[in-house]
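Architecture at a glance
Residue-level listing of the chains:
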Amino acid sequence: MPHSPATRAGGFLRDVLRPGGGPGYRYAPGLRAAVSMGIPLTAGAATGHLPWGLTATMGAFTAVYGAKEPYARRAVLLAGVGAGFVLSVAAGSLAGGRIWLAPVVIGLVGAVATYVCDALRIGPPGGYLFALACAMSTPLPFDGAATGQRVALAAAGAACAWLVSMSGFLVDRGGPETTAVADAYEQLAAYLDAIGGPRQDAAQHQAAIALRTAWYAVAAPPQPRGRAGGRARLRPAVRQAHHVFAAAVRAAAASREPLPDDLAGAMRSTAGCLRERRASPPLPAPGPGGEPAERRAVRGEVGQAVRDAVSGAPPDDAGELLEPSGATRLLASARKRHSLVLPAALRVGSGAVIAGWLAHVSGFAQPYWASGAAIVVLQGANVTTVIRRGLQRGAGTAAGVLLGGTVLAFHPGPAALVAAVMLAQFAAEAVLAHNYALGVAFITPLSLFLTEAAQPALPVGHLVAGRLLDTVCGCAVGVAAGLTLWRRTSTVRLPSTLAHVIRAEGTAWHLILTADDSGNGAAATARHRLRTELINLRTVAESAAGDRPAPCELARLWPAIAATQQLGYLAVSTIRPPSPRPRPDPGDAARVRRAFDTLAASAATGAPPPPLGLPPLVLPARLDAALHALHSALSAPHTGECGRRSLRRGRR
């Protein structure tokens, strides 16, 4: 039985102090962000209107978003992001000078931006920069003409950032798609390596995310005629990567024995070939004659992937990997009962308002910094990450204030100030995903430099002290809000999320048992949606592992979650229908569907399910064994206060 995220997390203190962050540095996005910030500032300094350049940088934050998106989708995304920054600046300007209203507007902008960014999976930094752009527009009293000027300058900065972010299209128009597909092959290699080990389930989850990202990349909006060759070349590679994943899932279900190392090595070599646009690596050598059928299937799919990935051979099967969900469907999904998006947005908005009001009552000079710090802290998904972000934000701010104050103590001129802003923006964007505290150490000087450009007469000591006080206030409020507002969102939603996924699996398996389509039919659509639901279930479970006090519900439900993941990925892996496979009686298939519905009801309420009572069926893969494993996990007795508490919450 795989370990739950709760048991793997270790001690609470170790969780809080863990740096976190992504796997590496982001130099190209950092350079784009620095150039996007530098152009309006340079123009403002050259014309003697540096504050105008500063206002334009609020729109230039657009360059921070969409770094991994294909250019076709990036163009649309950044246009919407730029419009969001223009509206944020307008909202902040309209609230300018109204001391009690400004925190409310900042909180509202932060909540709406967080909701939209999370729902559309836009990614970090999420809604924070929109709230910051709004907050930076609030200090001055409202003036109609000045508001119009700020909005126009912010729009100009957003347009500049759009052009800079899209400039890579002229050099390598298929670069983002190629990177996404190569990343998927790397994650598949990690999954093949992990089969039979303690990280198998986590690696499976990461591979599923990478495969979804890769398909979304190659399924981006169509390019003009004659320009989609690179994307068309990559689609067979992505489709074959899904076949490798499916074969690996079936092999892992058949045996917990590790796979041969040469299979993962071939996938890694193929990823390198994709990145460098060179010839395919050698095919994996044939296995021994007595190799199990599941391993031979994986070897065959890996060999096909090696042949297809770089050659760009036309696909031999149509459909199956459907178009990604549009914005309307994603926004609708965020409103569902089991979604974490709405509670996160409400928590962000509430914390920003409270922090801003508290900073103002305390007499702080720049209370909007407190609201911004609270928003950053509250972007953590659970209590552990909220506390971790609060500590890292405080430590990073202290280091950044010392760095920024030292630079400002030398009274740099406009040119030196612009250079400092660009350098700080590049460093912050490059390291933030890798190490949050280090990124904050560069973000803090950036905000100090921008404030110095807007208010050059402000004493450096006053500026530094104000930044520290506001950050401490915002971090404290953010942590307090994280400990009190929707504190156990992930844990409370875990039973309903589990039930939702089990029902989706029932739909998928019913269609697999009664339909023969492997293309764009109902079964393929159900499998496509189930992929996303399985990723969401694992995400909610891992988020629940960080809730405090320790979530005993997660420990109780984890065996059922593991069995549900196995059932779901077995359904997803049924891409090519077995041949020949006897079709079960329609009544038996309907009873399988009702069995899933019964298990879903049990997961939602916490009540033990009744006996399955299924007749012997000829089922694909190991559905019967996995279904009974899920039944056994949900039938386990609930003991102690945890069982009673989880049962009440499950019925809520």
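Every residue gets a number counted from 1 within its own chain, in the order that chain's sequence is written. Where totals are concerned, whole chains, interfaces and linings use all residues; where local detail is concerned, this predicted model gives features only for residues with pLDDT of at least 70, and gives and counts side-chain atom pairs only at 80 or more. Calculation of side-chain values draws on the structure's entire complement of heavy atoms; hydrogens and water are dropped beforehand.

**Focus on the overall build of the protein chain**
Numbering of helices and strands runs from the N terminus; a helix is a DSSP stretch of H or I covering at least four residues, while a strand is a stretch of E covering at least two. When helices and strands are tallied, the protein chain shows 26 helices and zero strands. A 1.4 Å probe rolled over the protein chains alone gives each residue an accessible area, and that area as a share of the maximum for its type sets the label: buried under 20%, exposed over 50%, partly exposed in between. By the burial criterion, 54% of the 652 residues in the protein chain qualify as buried. Surface accessibility of the protein chain: about 26300 Å² in total, with carbon and sulfur atoms responsible for 65%. The Shrake-Rupley method, run with a 1.4 Å probe sphere, supplies the accessible areas, and residue values consider only the shown protein chains as cover.

**Observations concerning the packing of aromatic side chains**
Aromatic rings from Phe, Tyr and Trp, taking only the six-membered ring of Trp, are treated as a pair when their centres fall within 6.5 Å; an angle between ring planes under 30 degrees marks them as stacked, one over 60 as edge-to-face, and anything in between as tilted. Evaluated as defined, the whole model comprises seven aromatic pairs. Relative to Phe 85, the ring of Phe 61 has its centre 6.1 Å away and its plane inclined at 45°; by these criteria the two rings are tilted. Pair noted here: Phe 61 is in the loop between α4 (50-60) and α5 (71-94) and Phe 85 is in helix α5, with a separation of 24 residues, a long-range link. Overall, Phe 61 belongs to the buried group, its relative accessible area being 4%. Note on Phe 245 and Tyr 569: the rings are 5.6 Å apart at their centroids and 75° apart in plane angle, and the pair reads as edge-to-face. In this pair, Phe 245 is assigned in helix α11 (residues 229-254) and Tyr 569 in helix α23 (residues 552-572), connecting sequence segments 324 residues apart. You'll find Phe 245 and Tyr 569 in the same group, each marked buried. Cluster of aromatic residues (ring-pair linked, three or more members): Phe 61, Tyr 65, Phe 85 and Phe 130.

**Quick word on the side chain of Gln 204**
Structurally, Gln 204 is set in helix α10 (residues 200-218). Polar contacts here mean pairs of N or O atoms no more than 3.5 Å apart (in protein, one a potential hydrogen donor and the other a potential acceptor; neighbouring residues in sequence count only if both atoms are side-chain atoms). At 3.2 Å, the side chain of Gln 204 forms a polar contact with the side chain of Tyr 191. Residue contacts follow a heavy-atom distance rule, with two residues in contact if any of their heavy atoms lie within 4.5 Å. When residues no more than four places from it in sequence are discounted, the contact partners of Gln 204 are Tyr 191, Phe 245, Val 249 and Tyr 569.

**Description of the environment of Ala 60**
Structurally, the position occupied by Ala 60 is in helix α4. Put simply, Ala 60 and Ala 159 are 99 residues apart on the chain and 7.7 Å apart in space, counted from C-alpha to C-alpha. Not counting chain neighbours up to four residues away, the residues in contact with Ala 60 comprise Ser 36, Met 37, Gly 157, Ala 158 and Ala 161.

**Re the pattern of salt bridges**
Should a side-chain nitrogen of Lys or Arg be within 4 Å of a carboxyl oxygen of Asp or Glu, the pair is scored as a salt bridge. Under the definition given, this model contains four salt bridges. The shortest N-O distance in the salt bridge between Arg 275 and Asp 183 comes to 2.7 Å. Taken together, the residues Arg 275 in helix α12 (residues 261-276) and Asp 183 in helix α9 (residues 175-194) connect sequence positions 92 residues apart.

**Re unusual backbone geometry**
Look at Arg 121: it is not a glycine, yet its phi comes out positive at around 55°. On the secondary structure map, Arg 121 appears in the loop between α6 (101-119) and α7 (128-136). Relative accessible area serves as the criterion here: at 36%, Arg 121 is assigned to the partly exposed category.

**Considering helix α3 (residues 27-46)**
Compared with an ideal rise of 1.5 Å per residue, which puts 20 residues at 28 Å, α3 spans 27 Å between its outermost C-alpha atoms and is within 8% of the ideal. For α3, the full list of buried residues reads Pro 29, Gly 30, Arg 32, Ala 33, Ala 34, Ser 36, Met 37, Gly 38, Pro 40, Leu 41 and Gly 44. With its phi angle positive at about 80°, Gly 48 sits one or two positions after the end of α3. A helix is expected to span 1.5 Å for every residue after the first.

**Details of the state of the cysteines**
Disulfide: a pair of cysteine sulfur atoms within 2.5 Å of each other. Summed over the entire model, instances satisfying the criterion amount to zero disulfides. Here Cys 473 stays unpaired: no disulfide links it, and the sulfur of Cys 475, its closest cysteine neighbor, is 9.3 Å away.

**Focus on helix α8 (residues 144-166)**
Helix length check: α8 (23 residues) gives 33 Å between terminal C-alpha atoms against 33 Å at 1.5 Å per residue, within 8%. Among all positions of α8, only Thr 147, Arg 150, Leu 153, Ala 154, Gly 157, Ala 158, Cys 160, Ala 161, Val 164, Ser 165 and Met 166 are buried. On the buried face of α8, the contacting elements are α3, α4 and α5.

**Some points on the confidence of the model for the protein chain**
Looking at the protein chain as a whole, the pLDDT averages 78, with 79% of positions reaching at least 70. Scored below 50 in pLDDT, residues 223-228 makes five contacts in the model with residues more than four places away or belonging to other chains. Taken as a whole, residues 643-652 scores under 50 in pLDDT and shows 20 contacts with residues more than four places along the chain or in a different chain. Confidence scores here are pLDDT values: one per residue, from the predictor, ranging 0 to 100.

**Some words on the packing of α9 against α12**
Direction vectors running N to C along α9 and α12 enclose 170°, while the axes themselves pass 8 Å from each other. Taken together, the axis directions place α9 and α12 in an arrangement best described as roughly antiparallel. For the pair α9 and α12, contact is made by Thr 178, Thr 179, Val 181, Ala 182, Asp 183, Tyr 185, Glu 186, Leu 188, Ala 189, Ala 190, Leu 192 and Asp 193 and by Asp 261, Leu 263, Ala 264, Met 267, Arg 268, Thr 270, Ala 271, Leu 274 and Arg 275, respectively. Residue classes in the contact of α9 with α12 are distributed as twelve nonpolar, three polar and six charged. Note on definitions: angles span 0 to 180 degrees between N-to-C directions of axes, and those axes are lines fitted to C-alpha atoms, for helices only across the stretch in contact. Note on terminology: angles under 35 degrees are roughly parallel, angles over 145 are roughly antiparallel, angles of 65 to 115 are roughly perpendicular, and the others are oblique. Residue classes follow a fixed rule: Ala, Val, Leu, Ile, Met, Phe, Trp, Tyr, Cys and Pro count as nonpolar, while Asp, Glu, Lys and Arg count as charged, and any other residue, Gly among them, counts as polar.

**With respect to the packing of α3 against α4**
It is at 7 Å that the axes of α3 and α4 come closest, and there the two elements cross at 160°. On the basis of the axis angle, α3 is roughly antiparallel to α4. Between α3 and α4 the crossing geometry is right-handed. For the pair formed by α3 and α4, the contact residues are Ser 36, Met 37, Pro 40, Leu 41, Gly 44 and Ala 45 on the first element and Leu 50, Gly 53, Leu 54, Ala 56, Thr 57 and Ala 60 on the second. Should the near helix be turned counterclockwise from the far one by less than a right angle, the crossing is left-handed, whereas a clockwise turn marks it as right-handed.

**Describing a nonpolar patch on the surface**
For patch detection, residues must exceed 30% relative accessible area and be free of salt bridges, and they are connected within 9 Å for like charges or within 5 Å for nonpolar side chains (Val, Leu, Ile, Met, Phe, Trp, Tyr). A contiguous nonpolar surface patch, about 560 Å² in accessible area, is contributed by Ile 99, Trp 100, Leu 101, Val 104, Trp 357 and Val 361. At the level of secondary structure, the elements contributing two or more residues to the nonpolar patch comprise α6 and α15 (341-361). Position of Val 104 relative to the elements: it lies in helix α6.

**Looking at the environment of Ala 90**
Here Ala 90 lies in helix α5. Given the relative accessible area of 19%, Ala 90 is considered buried. Distance in space between the C-alpha atoms of Ala 90 and Arg 150 is 7.6 Å, their sequence separation being 60 residues.

**Re the side chain of Thr 532**
Along the chain, Thr 532 falls in helix α22 (residues 522-544). With residues up to four places along the chain from it excluded, the contact list for Thr 532 reads Arg 121, Arg 212 and Tyr 216.

**Observations concerning the environment of Gly 48**
Take Gly 48: it is sitting in the loop between α3 and α4. According to the relative accessible area criterion, Gly 48 is exposed, its value standing at 60%. Taking the C-alpha atoms as reference points, Gly 48 and Pro 414, 366 residues apart in sequence, are found 9.3 Å from one another.

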